[in-house]
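# Summary of the model geometry
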Amino acid sequence: MAGFDDPAFYGDRWAAVYDDHHEQVDPGPTVEFLAGLAGDGRVLELGIGTGRVALPLAARGIRVEGVDASAAMVERLRAKPGGESVPVAIGDMAEVPVSGRFRLVYLVFNTLFGLLSQERQAGCFANAARALEPGGMLVIECFVPDVARGHSDRRSASAISVFSTRVSRSSD
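Notes on the structure follow.

Going through the model one piece at a time under the given rule, you end up with five salt bridges. Of the charged contacts, one joins Arg60 and Glu32 as a salt bridge, the two residues approaching to 2.5 Å between their closest N and O atoms. Taken together, the residues Arg60 in the loop between helix 4 (54-59) and strand 2 (63-68) and Glu32 in helix 3 (residues 28-38) connect sequence positions 28 residues apart. Residue Arg60 is classed as partly exposed on the basis of its relative accessible area of 44%. Using a relative accessible area of 47% as the deciding quantity, one classes Glu32 as partly exposed.

Another aspect to go through is the pairing of strand 5 (residues 132-143). Buried residues dominate strand 5, accounting for nine of its twelve residues. Where strand 4 (residues 102-107) and strand 5 come together, five bridges link them in parallel fashion. Note on strand 5: the bridge partner recorded for Val105 is Leu138.

Take helix 3 next. One turn of the α-helix equals 3.6 residues, which is why residues spaced by three or four share an orientation. Those residues of helix 3 that fall on the buried side of the exposure criterion are Thr30, Val31, Leu34, Ala35 and Ala38. An end-on view of helix 3 places all buried positions within 130° of arc, on one side of the element. Seen from the open side of helix 3, the exposed residues pointing more than 90 degrees away from its buried face are Pro29 and Gly36. In this fold, the buried residues of helix 3 make contact with strand 1 (42-46), helix 4, strand 4 and strand 5. Phi turns positive, to about 55°, at Gly39, one or two residues after helix 3.

About the thresholds
- Residues numbered from 1 in each chain as written.
- Predicted model: local features only at pLDDT ≥ 70, side-chain atom pairs only at ≥ 80, totals over all residues.
- Heavy atoms only, no water.
- Salt bridge = Lys/Arg side-chain N within 4 Å of Asp/Glu carboxyl O.
- Helix = DSSP H or I, 4+ residues; strand = E, 2+ residues; numbered from the N terminus.
- Buried < 20%, exposed > 50% of the residue type's maximum accessible area, 1.4 Å probe, protein only.
- Pairing = 2+ DSSP bridges.
- Arc of directions from axis to C-beta.
- Contact = heavy atoms within 4.5 Å.

These figures come from the coordinates and say nothing about function on their own.
In structure tokens form, the structure reads like this:
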């Protein structure tokens, strides 16, 4: 399908309605989990979108930055309270176009699957690892639809996978 290889394709088409379609999904448990890992370090959200997770983290005093390919999604983030104070790089999340090191880099709510090939996903992991400080963590949240429940309830607790990987460097 034409356009799907463009990193901004999804966000540009969904920005105006993204929050409406995801309002029933409480970001609270994800925010709580990530806040516990972030401590007082810098954190980076890949695919920050409209800030559904980043803004509650920033409201807790966590230094959140983001990457998103869609200027339309970032415009929605900027319009929300606190959205102007979150630094966001417009670019391909697989390339992790940021500077400095982060204690925590994360992708949530199936954002990983916006990278349509295994090669792009692996590249994203490698670039995220380069952005981590020694002992930093990469967290990926993905879920598998529960087809037995149909499309109205797209996920269940048993279908959510959250894992973190500690990355250590032998030399910096």
